[in-house]
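Structure assessment
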Amino acid sequence: MKLQSILLAAGEGTRMKSNLPKILHPLAGKALIRYSLDAVKGIGSPKPVIVIGRDAGMVEKTIQGEAEFVIQEKRLGTADAVKSARKRVEGTCDLVLVIYGDMPLLKKQTLERLVEKQKNNPGPLTIATMHLDDSHGFGRVVREGGEIKEIIEEAHASGKQKEIKELNVGAYCVAEKWLWPALEKIPVSPKGEYYLTDLVGIASKEGFRVEAVQILDSEEAIGINNRVHLAEAEAILRKRINQKWMLEGVTIIDPERTYIEADVQIGQDTIVFPNSHLKGQTVIGQNCEIGPDTIITSTEIGNSCKVLSSVLDYAILEDHVTMGPYCHLRKDAHLAKGVHMGNFGEVKDSFLGEETKMGHFSYIGNATIGKNVNIGAGTITCNFDGRSKNPTEIGDDVFIGSDTMLVAPLKIGKRARTGAGSVVTRDVPEDTVVVGVPARHLRKVKKEETESQEK
Ligand code: UD1
Ligand code: CA
């Protein structure tokens, strides 16, 4: 049986009080709508159809290529939203799966169960329901003699109906041929909207038995209507993500205070300390120690690294790199194997070769640094001349004395040494010692000086 999914996302999201469309609000680092897209992926047609409003260009841009878009001209309710997909969907499938774009925690397995149930249903419609004491403002499922008769929206429910504990989750699997004419039969509500939920009453009146799959985990059915719901969903996802990594062999010292976004990867035997925020496309290897108090965004970290109280953005750390506390890696910082950065270091758009050490208070920008270089406390690459950024190149085994100013563009040859407080304005040849302001050549480097720098 061919199946087409339709995601409804044209609502105004007024209750979010936001300039950002509701379904683009981030949840564990991913736009809300992506969760629904992921949930329907692999069920039925390769691309779901998303119903968006006229002004939803931003939505289209964000998820281009992952879905087909239809526009609901006027927001006349959930039934009207499905109607606007008719031209695109009619005659292309046997079953239609309709879900709302503001239900990010619905699991794929639940939708699969829903579809399976409808495949075996002689009637035209299966819905998802759950039992909950707190109604969340959801539609109530009205049964008579056990049979589902209709769904009543909370705004229109009588006192008695409001007490009903079986709620409409908002996921429907419908026979395609039956759907379109049934949508035409839906009356306008006192609110001026056409409710998709009225399909249930229509099917029942036509003598069909409406089937239901029950969702037992009520967390799945959180609909995001305002920012309180957004935070609730975030907490649930955080728990799900942290549990997943703990079961994969990652130690998380305090899961309630560890924030790992949905797309992050972490290797076995890594320990994550509290108040670590792992974001974006970050990938962390095995046996690392991360945090506490660390924010890592879209950074690649090898095995056996230690990152303490630091901020890392779009950087690369090879194996055995140690840093912190209080380091800042900015875009395109690349630290080779065994690099050590001590407190208050900043690196941007630079490569630090194997075993290079920068222990204290340094800024390295637009630099290419060789292996086993010692960068003394307070060293600064003066990379900006007021107009453009200039490069610094430092060869292997160089010793940069404390408080050296490296005025770029600048090349420092292998094994060269700079005295404390030097302001280096001219290239330094290999094996040369320079000192002073501006730095002048003092003498050749002695062999034992370079040797003592190797460990
Ligand atoms: C809806 C259901 C309710 C259910 C609840 C579960 C209806 C009438 N009610 O209520 O029974 O318990 O979801 O979360 O369906 N949308 C459009 N176009 C519109 C109106 C809405 O595309 O004209 C989209 C919204 O973007 C949203 C979804 O449909 O993603 C649901 O709309 P919403 O207004 O959030 O409905 P609820 O009041 O939550
Ligand atoms: Ca909703």
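The following refers to the structure shown. (Residues numbered from 1 in each chain as written. Chains lettered and ligands numbered in written order. Predicted model: local features only at pLDDT ≥ 70, side-chain atom pairs only at ≥ 80, totals over all residues. Heavy atoms only, no water.)

1. Describing the overall build of the chain
- Within the chain, the regular secondary structure consists of 10 helices and 40 strands.
- For the chain, the C-alpha radius of gyration of 30 Å lies well beyond 23 Å, the compact-globule estimate for 455 residues.
- With respect to the three principal axes, the spread of C-alpha positions in the chain is 100 × 40 × 40 Å.
- Buried residues in the chain amount to 51% of all 455 residues. (Helix = DSSP H or I, 4+ residues; strand = E, 2+ residues; numbered from the N terminus. Rg over C-alpha atoms; globule rule 2.2 N^0.38 Å. Buried < 20%, exposed > 50% of the residue type's maximum accessible area, 1.4 Å probe, protein only.)

2. Considering the coordination of the calcium ion (ligand 2)
- Around the calcium ion (ligand 2), the donor atoms from the protein are Asp-102 (OD) and Asn-225 (OD1), and they sit 2.3 to 2.6 Å away. Here the residue Asp-102 occupies a position in the loop between β6 (95-100) and α5 (108-119), and Asn-225 occupies one in the loop between β11 (211-214) and α9 (227-247), the gap between them amounting to 123 residues. (Donors = N, O, S within 2.8 Å, 3.2 Å for Na, K, Ca; no water.)

3. Some points on the nonpolar core
- Within the largest apolar cluster, 72 residues are counted, with the highest numbers of intra-cluster contacts made by Ile-33, Ile-50 and Leu-196.
- Beyond its immediate sequence surroundings of up to four residues, Leu-196 is in contact with Leu-8, Thr-78, Ala-79, Val-82, Val-98, Tyr-100, Tyr-172, Leu-183 and Ile-186.
- Tyr-35, Ile-266, Val-272 and Val-434 belong to the second-largest nonpolar core, a separate cluster that totals 58 residues. (Core = buried A, V, L, I, M, F, W, Y, C linked by side-chain atoms within 4.5 Å. Contact = heavy atoms within 4.5 Å.)

4. Some details on helix α7 (residues 176-184)
- By the burial criterion, the buried members of α7 are Glu-176, Trp-178, Leu-179, Trp-180, Ala-182 and Leu-183.
- Structurally, α7 contributes buried residues whose contacts are with α3 (78-83), α4 (86-89), β6, β10 (166-175) and α8 (198-205).

5. What about a nonpolar patch on the surface?
- On the surface, a nonpolar cluster with roughly 340 Å² of combined accessible area is contributed by Tyr-326, Phe-344 and Phe-361.
- Inspection of the secondary structure puts Phe-361 in strand β29 (residues 357-365).
- With relative accessibility at 47%, the residue Phe-361 sits in the partly exposed group. (Patch = residues over 30% accessible without salt bridge, like charges linked within 9 Å, V, L, I, M, F, W, Y side chains within 5 Å. Areas by Shrake-Rupley, 256 points an atom, 1.4 Å probe, with all protein chains shown as cover. Salt bridge = Lys/Arg side-chain N within 4 Å of Asp/Glu carboxyl O.)

6. Let's talk about the packing of aromatic side chains
- Throughout the structure, instances matching the rule amount to three aromatic pairs.
- Relative to Phe-344, the ring of Tyr-326 has its centre 5.3 Å away and its plane inclined at 25 degrees; by these criteria the two rings are stacked. Of the two residues, Tyr-326 is situated in the loop between β24 (322-323) and β25 (328-329) and Phe-344 in strand β27 (residues 340-348); the sequence distance between them amounts to 18 residues.
- The partly exposed category is assigned to Phe-344, whose relative accessible area is 45%.
- Geometrically, the ring pair formed by Phe-344 and Phe-361 is stacked, given 5.6 Å between the ring centres and 5 degrees between the ring planes. Residue Phe-344 is located in strand β27, and its partner Phe-361 is located in strand β29; the two are separated by 17 residues in the primary sequence.
- Taken together through their ring pairs, the aromatic side chains of Tyr-326, Phe-344 and Phe-361 make up a single cluster.
- For Lys-30, the ring lying beneath its charged end belongs to Tyr-35, and the centroid distance is 4.7 Å.
- Directly above the aromatic system of Tyr-194 lies the positively charged group of Lys-83, at a separation of 4.9 Å from the ring centroid. (Phe/Tyr/Trp six-rings, centres within 6.5 Å; stacked < 30°, edge-to-face > 60°. Lys NZ or Arg CZ within 6 Å of the ring centre and 35° of its normal.)

Just geometry here; none of it tells us what the structure is for.
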